[in-house]
Protein chains: 2
Amino acid sequence: MSATIRDIKEQTGLALATISKYLNGGNVLPENRIKIEAAIKDLNYEVNEIARGLVTNKTRTVGVMVYGIDSLFNGTLLKYISEYLRKNGYGMLICASDNDEELEAKNLKFLVSKKVDGIIVIPVSTNSDFLLPAKNANVPVVLVDRSLADETYDCVKIDNRSSAYRAVNYLIEQNHKKIAVISSEVEYTGEERFKGYMDAMEKAGIPVKEEYKCCGTHSMEYGSEAMNRLMRLSDPPTAVFMTNYEITLGAVMVLNDMGKRIPDDVSLLGFDDLILSHLMKPDISVVIQPMKEMGEKAAEIILKKIKGSDEMPAEIVLGTRFSPGDSIRKL
Amino acid sequence: MSATIRDIKEQTGLALATISKYLNGGNVLPENRIKIEAAIKDLNYEVNEIARGLVTNKTRTVGVMVYGIDSLFNGTLLKYISEYLRKNGYGMLICASDNDEELEAKNLKFLVSKKVDGIIVIPVSTNSDFLLPAKNANVPVVLVDRSLADETYDCVKIDNRSSAYRAVNYLIEQNHKKIAVISSEVEYTGEERFKGYMDAMEKAGIPVKEEYKCCGTHSMEYGSEAMNRLMRLSDPPTAVFMTNYEITLGAVMVLNDMGKRIPDDVSLLGFDDLILSHLMKPDISVVIQPMKEMGEKAAEIILKKIKGSDEMPAEIVLGTRFSPGDSIRKL
DNA sequence: CCGCACAAGTGAAACGTTTCGCTCTTTCAT
DNA sequence: ATGAAAGAGCGAAACGTTTCACTTGTGCGG
């Protein structure tokens with residue numbers, strides 16, 4: 001079907017080794033270079049990456065696992081990762097864990113069986129057991145957005161706790177006292193941001209009612225449910241801090257359904273600057289994550305590790321920016 | 001490093017061919033089956049997919065190219081495609097064309113060079129030239145969402161023209177006459193939906209002012225720009241039909257910025273039911289595409305073709321549903 | 001003019017599977 | 001009893017590269 005290095009050998013009379021050397025950037029005599037290049041053009045030759053992979057034990061492919069391809073946060077990250085990898089000649093094999101630890105473990109094995117050279121993952125599990133197959137197969141791993149409780153892996157994330165702290169503090173500065181939080185539990189980012197919220201409240205000396213603390217799944221559904229409950233309290237909060245995009249979506253939906261007005265009826269503070277904030281009638285106030293930097297950094301690190309750098313695993317913590325929209329009323 | 005079939009040969013005393021046969025589901029004597037299975041467990045053996053790929057000339061990987069991973073429409077489609085492929089043991093290599101024909105052609109070649117077994121693509125180009133490398137390499141292709149002008153490929157899409165027709169007709173039934181359209185040009189879906197709009201207007205005998213026809217790029221930016229222009233006309237439309245999700249996002253943003261109220265100041269009709277419609281204060285009226293069916297069908301077809309079915313290429317046209325929200329005022 | 005260093009080229013082995021064509025054994029209908 | 005058919009196993013070749021260890025050739029300093 002397609003031409004092989006052997007066909008080039010026939011046409012040029014050179015040895016396989018010489019041609020291979022040329023293909024891999026080695027030096028050959030000018031006259032031979034010309035012959036080879038002519039033959040390549042003639043025969044429409046292209047390296048068979050599989051055969052190459054068999055001997056080099058490299059596929060030039062990186063596996064990426066996120067919790068949902070249709071989550072805008074994931075999609076945005078994937079875009080930047082993909083661009084960086086493509087620019088460097090690497091392909092990107094994608095899996096979704098669907099927020100399910102079991103599926104996450106299964107898909108990780110799948111990626112390893114596909115012989116990817118490295119893996120980038122937004123982990124759903126909180127400990128590192130599921131990464132064992134990668135470790136055993138010597139496949140480097142980089143975490144994004146979340147780190148694990150039990151072991152240090154290379155990781156690119158933001159300063160969740162202090163970002164949340166500063167944002168909630170802004171609410172307090174606007175004289176809010178009855179501040180509720182809707183957060184995801186078990187999950188790393190949710191927990192950290194929740195801590196940041198608590199930090200701010202404690203520091204300000206504001207006691208937090210139990211019914212103001214809502215912790216559930218990372219989903220629109222939970223966002224709706226929690227916001228609905230909050231709004232029906234006999235003493236509802238004047239402001240709500242939502243710790244991720246999906247929860248924010250759900251919460252905003254339910255407010256619209258209830259006919260609540262922002263920020264007149266309730267002030268809103270969210271995470272992630274993903275279009276939504278610009279679409280809503282009042283711009284939602286959000287903590288902005290450096291998505292591009294995050295994605296590119298993760299891709300950069302995984303490539304570095306693939307190329308054999310054996311620096312110690314390190315956590316890279318990127319800064320965030322707070323963007324006050326008009327969803328917060330000064331009391 | 002990891003065990004090979006040869007190690008199993010040593011441990012069991014069987015021939016490579018026998019073991020290979022077992023691995024591929026062939027029959028072996030019960031006693032040998034037991035020996036092999038024990039050895040596999042012992043040695044923690046796993047097939048090396050690359051070596052297998054070299055001889056079978058299959059990678060069990062499908063390439064998917066969309067115009068933007070961070071577009072919710074694409075992300076949703078990718079999710080369903082990915083799920084179907086994963087369930088069938090196939091991996092998914094993703095590329096983004098970024099709405100750029102040149103990049104699209106380049107990435108297609110990249111996917112072919114990665115030896116994917118098949119390619120699913122939402123094409124950006126309008127003719128099939130860029131698919132030539134796939135054709136030459138005998139890699140089957142399935143188009144999604146859009147077909148090409150010059151050649152028939154397998155394709156899964158919706159009845160764009162009549163869906164648009166019916167939706168615009170609804171506007172007309174609500175006594176709107178000054179109906180504008182914001183559409184993407186050059187692009188297949190945009191053009192078809194634009195035609196559907198024109199069909200409805202013509203059939204109703206409503207002349208369409210030139211300044212009501214806005215055709216530009218498939219982007220939020222263009223949506224904003226066009227809506228802004230429409231609203232500043234001396235005789236602005238009472239309703240606007242937007243032919244895709246990105247344009248709708250941009251248009252809604254600008255309306256919010258201008259403080260225009262929906263549907264009091266202007267009625268809105270969009271395409272694609274992607275969260276946005278539920279988030280906006282008034283539910284936006286939209287044409288709903290069967291995303292799941294579309295993605296799964298495309299994946300199903302590509303697998304069928306990979307397995308060697310040589311049915312003629314066919315276009316599968318799925319139906320849509322119109323969901324009237326409260327973004328349309330009855331005049 | 002010798003010998004050495006270095007550049008370029010080479011044949012063969014290796015990577016880990018699948019597959020082809022063959023043999024051997026068993027079964028079963030005649 | 002016999003021969004054909006079917007089931008199981010086997011050795012070796014093939015897939016298309018890279019890489020290793022080696023040879024050849026060239027130029028240059030002493």
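Here, the structure is the one placed above.
Rules used throughout
Residues numbered from 1 in each chain as written. Chains lettered and ligands numbered in written order. Predicted model: local features only at pLDDT ≥ 70, side-chain atom pairs only at ≥ 80, totals over all residues. Heavy atoms only, no water. Helix = DSSP H or I, 4+ residues; strand = E, 2+ residues; numbered from the N terminus. Rg over C-alpha atoms; globule rule 2.2 N^0.38 Å. Buried < 20%, exposed > 50% of the residue type's maximum accessible area, 1.4 Å probe, protein only. Areas by Shrake-Rupley, 256 points an atom, 1.4 Å probe, with all protein chains shown as cover. Lys, Arg positive; Asp, Glu negative; His and termini not counted. Charge placed at Lys NZ, Arg CZ, Asp CG, Glu CD. Pairing = 2+ DSSP bridges. Axes fitted to C-alpha atoms, helices over the stretch in contact; angles between N-to-C directions. Contact = heavy atoms within 4.5 Å. Near = heavy atom within 4 Å. Polar contact = N/O pair within 3.5 Å; in protein donor to acceptor, adjacent residues only side chain to side chain. Nonpolar A, V, L, I, M, F, W, Y, C, P; charged D, E, K, R; others polar. Phe/Tyr/Trp six-rings, centres within 6.5 Å; stacked < 30°, edge-to-face > 60°. Patch = residues over 30% accessible without salt bridge, like charges linked within 9 Å, V, L, I, M, F, W, Y side chains within 5 Å. Salt bridge = Lys/Arg side-chain N within 4 Å of Asp/Glu carboxyl O. Least-squares fit on C-alpha atoms with pLDDT ≥ 70 in both. 1 Å grid on protein atoms, 1.4 Å probe; cavity = no way out; pocket = protein on both sides within 12 Å on 5 of 7 lines; lining within 4 Å. Points joined across faces, edges and corners; volume = space filled by probe spheres on them.

Trainee: An account of the overall build of chain A is requested, with residue identities and associated values reported.
Mentor: Of regular secondary structure, chain A possesses 13 helices and twelve strands. Compactness check: chain A gives a C-alpha radius of gyration of 26 Å against a globular reference of 20 Å for 331 residues, more than 25% above the reference. When the backbone C-alpha atoms are referred to their principal axes, chain A occupies close to 90 × 40 × 30 Å. Burial status across chain A gives 54% buried among its 331 residues. Carbon together with sulfur atoms contributes 48% to the accessible area of chain A, which is approximately 14,400 Å² in total. Treating the 41 positive side-chain charges of chain A as one cloud and the 47 negative ones as another, the clouds have centres 4 Å apart.

Trainee: Give a detailed account of the sheet that holds strand S9 (residues 267–271) of chain A, specifying residues and quantitative values.
Mentor: Hydrogen bonding along the main chain pairs the strands of a sheet, whether they run parallel or antiparallel. All names here are of chain A. Ordered by their spatial adjacency, six strands build an open sheet running S7-S6-S8-S9-S10-S12, and the pairing between neighbours is mixed. The open sheet terminates on both sides in strands that have one partner only, identified here as strand S7 (213–216) and strand S12 (321–323). Here the strands of the sheet are splayed against their neighbours by 15 degrees on average, with no regard to which way each runs. Sheet analysis places strand S8 (residues 239–242) next to S9, joined by three bridges and oriented parallel. The partner of alanine 239 across the bridge, within S9, is serine 267. Each of strand S6 (179–184), S8, S9, strand S10 (285–288) and S12 touches helix H8 (residues 160–173); the most contacted strand, S9, lies at about 170 degrees to it. Packing of helix H9 (residues 188–203) onto the sheet brings it into contact with S6, S7, S8 and S9, and relative to S6 it is tilted by some 165 degrees.

Trainee: Tell me about the protein's contact with DNA strand D, and name the residues and values.
Mentor: Near DNA strand D lie 25 residues; those nearest to it are A:Ile5, A:Ser20, A:Arg52, B:Thr18 and B:Asn32. A share of 70% of the atoms of DNA strand D within 4 Å of the protein falls on sugar and phosphate groups. Note that a phosphate oxygen of DNA strand D is positioned 3.1 Å from one of the side-chain N or O atoms of A:Asn24. Here B:Thr18 contributes a side-chain N or O atom positioned 2.9 Å from a phosphate oxygen of DNA strand D. Listed by contribution, the elements that provide at least two residues to the surface near DNA strand D are helix H1 (5–12), helix H2 (16–23) and helix H4 (49–56) of chain A together with helix H2 (16–23) and helix H4 (49–56) of chain B. Counting residues per element, the surface near DNA strand D draws most heavily on H4(A), which supplies five residues. Partitioning the surface near DNA strand D into residue classes produces 13 nonpolar, eight polar and four charged.

Trainee: Describe the protein's contact with DNA strand C, with residues and values.
Mentor: Near DNA strand C, the surroundings consist of 25 residues, among which A:Thr18, A:Asn32, B:Ile5, B:Ser20 and B:Arg52 are the closest. Close to the protein, within 4 Å, the atoms of DNA strand C belong to sugar or phosphate groups at a rate of 66%. At a separation of 3.4 Å, a phosphate oxygen of DNA strand C approaches a polar backbone atom of A:Leu29. A distance of 3.4 Å separates a phosphate oxygen of DNA strand C from a polar atom in the backbone of B:Asn48. Elements that contribute at least two residues to the surface near DNA strand C include exactly H2 and H4 of chain A together with helix H1 (5–12), H2 and H4 of chain B. Per-element tally for the surface near DNA strand C: the top contributor is H4(B), with five residues. In terms of residue class, the surface near DNA strand C is made up of 13 nonpolar, eight polar and four charged.

Trainee: How would you sum up the packing of aromatic side chains? Please name residues and give values.
Mentor: Residues and elements named next belong to chain A. Taken as a whole and assessed by the stated rule, the structure comprises six aromatic pairs over all chains. Judged by centre distance (5.9 Å) and plane angle (40 degrees), the ring pair of phenylalanine 194 and tyrosine 197 falls under tilted. In this pair, phenylalanine 194 and tyrosine 197 both sit in helix H9, three residues apart, roughly one turn of the helix. Taking the relative accessible area as the measure of exposure, phenylalanine 194 reaches 17% and is therefore buried. Looking at tyrosine 197, the relative accessible area reads 0%, which means it is buried.

Trainee: Describe a negative patch on the surface, naming the residues involved and giving the relevant values.
Mentor: The grouping of A:Asp98, A:Asp100, A:Glu101 and A:Glu102 at the surface amounts to a negative patch. Mapping A:Glu101 onto the fold places it in helix H6 (residues 101–113).

Trainee: Just give me the short version of the relation of the copies chain A and chain B, but keep the residues and values in it.
Mentor: The transform that puts chain A on chain B rotates by 180 degrees and translates by 0.0 Å along the axis, for an RMSD of 0.1 Å. The two molecules are tied by a two-fold rotation axis, judged by turn and shift. Closest approach to the rotation axis among the C-alpha atoms of chain A is made by A:Leu93, whose C-alpha sits 2.3 Å away.

Trainee: Give a description of empty space enclosed by the protein that names residues and reports values.
Mentor: Take a probe with the size of a water molecule and roll it over the atoms, and the empty space left behind shows itself. If you walk through the whole model with that rule in mind, you get seven cavities of 30 Å³ or more. Together, 15 residues line the largest cavity, and A:Thr59, A:Thr61, A:Lys114, B:Thr59 and B:Lys114 are the ones closest to its centre. When residues in the lining of the largest cavity are grouped by element, the largest group, three residues, is from H4(A). Across the lining of the largest cavity, the residue classes break down as five nonpolar, five polar and five charged. Space inside the second largest cavity adds up to approximately 80 Å³. What lines the second largest cavity is a set of 13 residues, among which A:Tyr67, A:Arg193, A:His218, A:Asn244 and A:Asp272 lie closest to the centre. Sorting the residues of the lining of the second largest cavity by element identifies H9 and helix H11 (245–258) of chain A as the ones contributing at least two each. Split by residue class, the lining of the second largest cavity holds three nonpolar, four polar and six charged.

Trainee: Describe the environment of B:Pro290, with residues and values.
Mentor: Tracing the backbone through its elements, the reader meets B:Pro290 in the loop between strand S10 (285–288) and helix H13 (291–306). Here B:Pro290 falls in the buried class, since its relative accessible area comes to 17%.

Trainee: A description of unusual backbone geometry should follow, citing residues and the corresponding values.
Mentor: Residues and elements named next belong to chain A. Across the junction of isoleucine 262 and proline 263, the peptide omega takes the value 0 degrees, indicating a cis bond. With respect to the element layout, proline 263 can be found in the loop between H11 and S9. Here asparagine 99, not a glycine, exhibits a phi torsion of approximately 60 degrees, which is positive. In this structure, asparagine 99 sits in the loop between strand S2 (91–96) and H6.

Trainee: Tell me what's going on with the sheet that holds strand S12 (residues 321–323) of chain B, and back it up with residues and numbers.
Mentor: All names here are of chain B. Reading across the sheet, the six strands line up as S7-S6-S8-S9-S10-S12 and stay open at both edges, with mixed pairing between neighbours. The sheet is open, and its two edges are formed by strand S7 (213–216) and S12, each paired on a single side. The sheet shows a mean angle of 15 degrees between the axes of neighbouring strands, direction not considered. In the sheet, strand S6 (residues 179–184) pairs with S7 via four bridges, with the strands oriented parallel. The residue of S7 that forms the bridge with serine 184 is glycine 216. Contacting S6, S7, strand S8 (239–242) and strand S9 (267–271), helix H9 (residues 188–203) runs over the sheet at an angle of about 165 degrees to S6. Strands S6, S7, S8 and S9 of the sheet are contacted by helix H10 (residues 220–231), whose axis makes an angle of about 160 degrees with S6.

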